[in-house]
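# Observations on chain architecture
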Amino acid sequence: MAVDILVTLVLIVLYLFLGIWYRNRNSKVKVWPVVGMLPTLVSNVDQIFDFLTDMVTLNGGTFKFQGPWFSSLNFVVTAHPININHILCRNHENYGKGQEFREIFEPFGEGLVTSDSHVWKRLRKVLQPFTKNNKKYAAYLDRILRKMVEGSLIPVLQHVVRLGTEVDLEDLLHRFDYDYICLLTLGCNPKTLSVEFPVSGTLKAFEGVEEALLYRNFVPKMVWRLQKWIQIGEEKKLSKGLKTVDDFMYGCISSRRKELRRSGLEAEFDDQYDLLTAFMVEEEGSDMSELGKSDKFLRDTAYNFITAGMDSTNVNLTWFFWLIATHPWVENKIMEEMKANCPESIDGKMLYFGGEELNKFVYLHAALCETMRLYPTVPLNNKTSVEADVLPNGGHIGPNTRIFISMYSMGRSEEIWGEDCLEFKPERWISKVGKIAYRPTSTFVPFGAGPRVCLGKDLCFKMMKIVAINVLWNYQVELVENHNVVMSSKAIALHTEHGLKVRIKKRQ
Ligand code: HEM
């Protein structure tokens, strides 16, 4: 009897395995009982963006990932332009960040990046006109950008040239972004970009928190919750990092309030019109003034802006300098454009251009867009459906489903960019009349699109152009031989795995 039961069990298991093998025999992604597609995902984690690109290409632009049973690791990845237009623009009300995203990214608090519905609408209504149309704020951003380039970037580059040593350009640019974004939001300069290349505890804490939040995305919810409860592993690191970050931000808020009280609100704030100050000095009666009374609100807003901005232009500029170092003919064309637009004999000095003047740098703009196409700063944009929906290319979406828009896969899609989609060719962005060519919005969305488009987009282009012009005009960036430049999959932004090691020489 016992033998009969054993044989029957063995036969059932064999039958199940044969069934799975038969269903999976032609498929690149195996779906296993209990664990679903997780083993394939784990084995491809080091080249996750290429793996997801293969999957969406094989599946007509949209791929459904099946996670382990009873886990929240099911998601959809899409790179199809008509779906992108649907999710970001036409039916955007149905695609927010979602409760689970907010739980994972809890340090963002009640900030813009993780909020939805009426909370998001109210914040966006306050922040969008402020960041886009406030002249005082725009002038302050311009002034601090000039100061940072003149007072930090150029002196540090000159120091590196004098020493003749190699430098990690990605680290250098990351420090530039971090100092700039702290000035923009908190009005204080942590001075991480200086010739000593100091180790900044606060910057390390911001980075540590981001790493821990990324980890939460890849493990079942109950695992990270348990770790949080007993304070071990990544969760312990997160709590420690967050304390450092919060102490820093609340410290800035408190000293700014004290300063304003001392100097009196009637004082002129033109010199120091950062985001915090703007909220604090806004006249009574407006939404901004109401929100500015709460330290928690200011902390959340600052955290959202700092994390959105500190890993932004440096990522694109790192890939840009690497691409032009490996495509010297592109660098020559950028130099020609600069010679045509820059005044002569300004050796070693800063070059600064206003918005109108920057529009003349068409080829540089094209090269920056081309870089973002191949190496989008944010490779995956996360959304969650509110209600069930059918995507325009036919995919069914359940309610409360996580969806990743793969900007990385879109940039490498033959259907969108043609057979030469993997080549670095800024020319594809330029029209016959020498202007930036028209492209449908839904084919290129590194900043998102529609009502939730990135609030820092215009600022980013300005920063990237000013930094690129000042570096290239004065210096030659040479890659260190045998240094392997590869993408990292260990951050939310598309960093390199080992940095960008270069030597900087004075341009002759
Ligand atoms: C190369 C630079 C940058 C890129 C590629 C980028 C990209 C993005 C993307 C993809 C989103 C998500 C849009 C969505 O949810 O659909 C976003 C949102 C956002 N970005 Fe950026 N960003 C950059 C720099 C910045 C900077 C410097 C700032 C701050 C000054 C900033 C502030 C924000 C904010 C506040 C949001 C949230 C908008 C909302 O949810 O309404 N970004 N960005």
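Reading the values: rules and limits
Residues numbered from 1 in each chain as written. Predicted model: local features only at pLDDT ≥ 70, side-chain atom pairs only at ≥ 80, totals over all residues. Heavy atoms only, no water. Helix = DSSP H or I, 4+ residues; strand = E, 2+ residues; numbered from the N terminus. Rg over C-alpha atoms; globule rule 2.2 N^0.38 Å. Buried < 20%, exposed > 50% of the residue type's maximum accessible area, 1.4 Å probe, protein only. Contact = heavy atoms within 4.5 Å. Areas by Shrake-Rupley, 256 points an atom, 1.4 Å probe, with all protein chains shown as cover. Lys, Arg positive; Asp, Glu negative; His and termini not counted. Charge placed at Lys NZ, Arg CZ, Asp CG, Glu CD. Pairing = 2+ DSSP bridges. Axes fitted to C-alpha atoms, helices over the stretch in contact; angles between N-to-C directions. Phe/Tyr/Trp six-rings, centres within 6.5 Å; stacked < 30°, edge-to-face > 60°. Lys NZ or Arg CZ within 6 Å of the ring centre and 35° of its normal. Donors = N, O, S within 2.8 Å, 3.2 Å for Na, K, Ca; no water. Near = heavy atom within 4 Å. Polar contact = N/O pair within 3.5 Å; in protein donor to acceptor, adjacent residues only side chain to side chain. Nonpolar A, V, L, I, M, F, W, Y, C, P; charged D, E, K, R; others polar. Core = buried A, V, L, I, M, F, W, Y, C linked by side-chain atoms within 4.5 Å. Parallel < 35°, antiparallel > 145°, perpendicular 65-115°, else oblique. Left-handed = near helix turned anticlockwise from the far one by under 90°.

### Brief notes about the overall build of the protein chain
- Looking only at helices and strands, the protein chain has 21 helices and 10 strands in total.
- In summary, the protein chain has a C-alpha radius of gyration of 25 Å against a globular reference of 23 Å for 508 residues, a match within 12%.
- In the protein chain, buried positions account for 52% of the 508 residues.
- Contacts spanning at least 24 positions in sequence make up 72% of the contacts within the protein chain whose residues lie at least 6 apart.
- As displayed, the protein chain has an accessible area near 24,700 Å², and 58% of this comes from carbon and sulfur atoms.
- Between the mean site of the 61 positive side-chain charges and the mean site of the 60 negative ones, the protein chain shows a separation of 1 Å.

### A closer look at the sheet that holds strand β3 (residues 95-96)
- On the basis of which strands lie adjacent, the open sheet formed by five strands has the order β1-β2-β8-β5-β3 and mixed pairing. If you trace the sheet from one side to the other, it starts and ends with β1 (62-65) and β3, each paired once.
- Each of β1, β2 (75-78), β3, β5 (380-385) and β8 (402-406) is contacted by helix α4 (residues 81-90), which is oriented at about 125 degrees to β8, the strand it contacts most.

### Topic: the packing of aromatic side chains
- Counted according to the given criterion, the structure contains 19 aromatic pairs.
- Summarising the aromatic geometry, the rings of F447 and F461 are spaced 5.7 Å apart at their centres and angled 50 degrees between planes, so their arrangement reads as tilted. With F447 in the loop between α20 (414-417) and α21 (457-474) and F461 in helix α21, this pair connects stretches of sequence that are 14 residues apart.
- Pairwise contacts between aromatic rings join F101, F105, F108, Y178, F206 and Y303 into one cluster.
- Over the aromatic face of Y475 sits the side chain of K506, whose NZ or CZ is 5.1 Å from the ring centroid.

### Overview of unusual backbone geometry
- Backbone geometry places F197, a non-glycine residue, at a positive phi of 45 degrees.
- You can see F197 is positioned in the loop between α8 (169-186) and α9 (201-218).
- Judged by its relative accessible area of 22%, F197 falls in the partly exposed class.
- One non-glycine residue, N400, lies in the positive phi region at around 55 degrees.
- Along the chain, N400 turns up in the loop between β7 (396-397) and β8.

### Digging into the side chain of N94
- Tracing the sequence through the fold places N94 in the loop between α4 and β3.
- Take N94: its relative accessible area is 9%, and that puts it in the buried class.
- Residue contacts for N94: discarding those within four places in its chain leaves T384, S385, V386, E387, A388 and D389.

### Brief notes about the coordination of the iron atom of the ligand
- A lone protein donor contacts the iron atom of the ligand, and this donor is C454 (SG), found at 2.3 Å.
- Its location among the elements puts C454 in the loop between α20 and α21.

### Observations concerning the site of the ligand
- Taken together, 24 residues are adjacent to the ligand, and W120, R124, K383, R452 and C454 come closest.
- Between the ligand and K97, the relevant distance is 3.0 Å, taken from an oxygen atom to a side-chain nitrogen or oxygen of the residue.
- R124 is positioned such that a nitrogen or oxygen atom in its side chain is 2.7 Å from an oxygen atom of the ligand.
- At the level of secondary structure, the elements contributing two or more residues to the shell around the ligand comprise α6 (117-133), α14 (295-310) and β5.
- In terms of residue count, α14 provides more of the shell around the ligand than any other element does, three residues in total.
- Here the residues of the shell around the ligand are counted per class, giving 14 nonpolar, six polar and four charged.

### Concerning the pairing of β8
- Of all five residues in β8, five are buried; the element is thus mostly enclosed.
- With burial as the criterion, each face of β8 is covered, one bearing R402, F404 and S406 and the other bearing I403 and I405.
- For β5 and β8, the ladder comprises five bridges, and the chain directions are antiparallel. In the sheet register, N382 faces β8, and the bridge partner there is F404.

### Side note on the nonpolar core
- Counting residues in hydrophobic clusters, the biggest one holds 149 residues, and the most contacted among them are F320, F321 and I334.
- Counting residues per element, this core draws most heavily on helix α7 (residues 135-163), at 12 residues.
- The contacts of I334, once residues within four sequence positions are left out, are F320, I324, Y363, L364, A367 and L472.

### Points about the environment of H396
- Mapped onto the secondary structure, H396 falls in strand β7.
- The exposure class assigned to H396 is exposed, which follows from its relative accessible area of 55%.
- Distance in space between the C-alpha atoms of H396 and K243 is 42 Å, their sequence separation being 153 residues.
- The residues contacting H396, other than those within four sequence positions of it, are K64, D389 and V390.

### Looking at the packing of helix α18 (residues 362-374) against α21
- Packing of α18 against α21 brings their axes to within 11 Å, and their N-to-C directions diverge by 115 degrees. The pairing of α18 with α21 is recorded here as roughly perpendicular in orientation. Seen along the crossing, α18 lies across α21 with a hand that is right-handed. For the pair α18 and α21, the contacting residues are L364, H365, L368, C369 and M372 in the first and F461, M464, K465, A468 and I469 in the second.
- Across the contact of α18 with α21, the residue classes tally to eight nonpolar, one polar and one charged.

### Side note on the sheet that holds strand β4 (residues 166-168)
- If you walk across this open sheet you meet the three strands as β4-β10-β9, and the pairing is antiparallel. Every interior strand has two partners, whereas the edge strands, β4 and β9 (475-479), have only one. Geometrically, the sheet is characterised by an average inter-axis angle of 45 degrees between neighbouring strands, direction not taken into account.
- Contacting β4, β9 and β10 (501-506), α7 runs over the sheet at an angle of about 90 degrees to β10.

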